[in-house]
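Here are the chains, one letter per residue:
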Amino acid sequence: MKEMKHDSSTIAWNAMGDEWVELAQTGESRMCFIMPNMLKFMGNVKGKKILDLGCGEGGYSRELAKRGAQLVSIDCSKKAIEFSTAFAKEENLHIEHFIRNSNDLFDIESHQFDIVLCSMMLMDCEDLEGTLREVVRVLKPNGRLFASVLHPCFDGNHETGIGRQGVGIERQVVVMNYFEPKEWEAPLWKGTTPVIWRHRTLEDYVKTFLKVGLTIVDLNEPQASDEQASISVALAWLKKIPLYLYWELKK
Ligand SMILES: C[S@@+](CC[C@H](N)C(=O)[O-])C[C@H]1O[C@@H](n2cnc3c(N)ncnc32)[C@H](O)[C@@H]1O
């Protein structure tokens, strides 16, 4: 049987233990901001065939399945797929799961999906172009890719990325170097196991989208509502700077 080809991203994410699930399901940025925004941008998914690529613990897949979509969920992490499979079963949801590197979706048929979702994963995979080529291959003609990434201009997670001078959200935001570093190892926010973080510039993303034949349909830099901002300082920052960037692309 063909095995997944590993690279630095799949090795790093396979080292992640159970902590990722806990972090994902309790992290207020994901639960109260990143996920609700993505679900809003995706709109009515009833009857759509969706590939959740880099599905993690499968929270998006379950939510989309509950909204009437047919889901295939893929991740390079064996542990993530085990959790996602178990959670789907608990909720009686029929979701197909595969362990794959996003740059080689072997045995996944071409031209079958209405939508591919890449939530917070295009900055993690090592091979962006290979991943996007596979996305294009499995999408139907006119199919859509919905993607969210850490905003390349406002990397809020790295010491040498954005600097926040002072205290609270009145601090000044200083961008140290937009071009470097390109990758580094660090735990996820509140986590302990290091993964590889990657910074891709807007130019890297957009030129690769165009190179593989995707067209940009929409771009969003959502701002936190007052209600979201009241949840935590991390979310309050999202009233001032867009830490997350969303695209809708068309094949
Ligand atoms: C930040 S998590 C996001 C998970 C999920 N999409 C979400 O938003 O909750 C990134 C996910 O991408 C997966 N990933 C990273 N590199 C990958 C690759 N090359 N192929 C497939 N999955 C990958 C990781 O295992 C992890 O589950």
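See the structure printed just above.
An account of the accompanying structure is given in this report. Owing to the predicted nature of the structure, the values given are computational and were not obtained by experimental measurement. (Residues numbered from 1 in each chain as written. Predicted model: local features only at pLDDT ≥ 70, side-chain atom pairs only at ≥ 80, totals over all residues.)

1. Thoughts on the overall build of the protein
The line we're drawing: Secondary structure counts use DSSP, requiring at least four H or I residues in a row for a helix and at least two E residues in a row for a strand, with both numbered from the N terminus. To sort residues by burial, count the other C-beta atoms lying within 10 Å of each one's C-beta; a count of 20 or more means buried, 12 or fewer means exposed, and anything in between means partly exposed. C-beta atoms are built from the backbone. The contact criterion used here is simple: two residues whose C-beta atoms, placed from the backbone, lie within 7 Å are in contact.
Counting its regular elements, the protein contains nine helices and 11 strands. Across its three principal directions, the C-alpha atoms of the protein cover 55 × 40 × 35 Å. Among the 251 residues that make up the protein, the fraction classed as buried is 39%. Residue pairs in contact within the protein that sit at least 24 positions apart in sequence constitute 69% of those at least 6 positions apart.

2. Focus: the sheet that holds strand β1 (residues 49-53)
Here is the rule we go by: Two strands form a pair only when DSSP identifies at least two bridges running between them. Fitted lines through C-alpha atoms serve as axes, helices being fitted only where they are in contact, and the angles separating the N-to-C directions of these axes extend from 0 to 180 degrees.
Strand order in this open sheet of seven strands is β3-β2-β1-β4-β5-β11-β10, and the pairing throughout is mixed. What marks the edges here is a single partner per strand, and that holds for β3 (95-99) and β10 (215-220). The sheet shows a mean angle of 20 degrees between the axes of neighbouring strands, direction not considered. Bridge count for β1 against strand β4 (residues 113-119) is three bridges, and the pairing is parallel. Bridge pairing in β4 links D52 to L117. Each of β1, β2 (70-75), β3 and β4 is contacted by helix α4 (residues 59-66), which is oriented at about 175 degrees to β2, the strand it contacts most.

3. Description of the site of the ligand
Selection criterion: Any residue whose C-beta atom, as placed from the backbone, lies within 6 Å of a molecule or strand is termed near it. Amino acid classes used here: Ala, Val, Leu, Ile, Met, Phe, Trp, Tyr, Cys and Pro are nonpolar; Asp, Glu, Lys and Arg are charged; the rest, including Gly, are polar.
Neighbouring the ligand are 20 residues; W13, G54, G56, C76 and S119 lie closest to it. Residue contributions to the shell around the ligand peak at three residues, all from helix α1 (residues 8-14). A breakdown of the residues in the shell around the ligand according to their chemical character gives eight nonpolar, nine polar and three charged.

4. A closer look at the pairing of β2
Let me state the cut-off plainly: For a crossover, the right-handed case is the one in which the path from the first strand over the helix to the second runs clockwise, viewed with the strands pointing away from the viewer.
Counting buried residues in β2 gives five out of six residues, a clear majority hidden from the surface. Looking at chain direction, β1 and β2 are connected through five bridges and run parallel. Looking across to β2, one finds that D52 is bridged to S73. Read as a crossover between parallel neighbours, the route from β1 over α4 to β2 is right-handed. Strand direction decides the pairing type here: β2 and β3, joined by five bridges, are parallel. Along β3, the bridge assignment pairs V72 with E96. Taken together, β2, helix α5 (residues 78-90) and β3 form a β-α-β motif whose crossover is right-handed.

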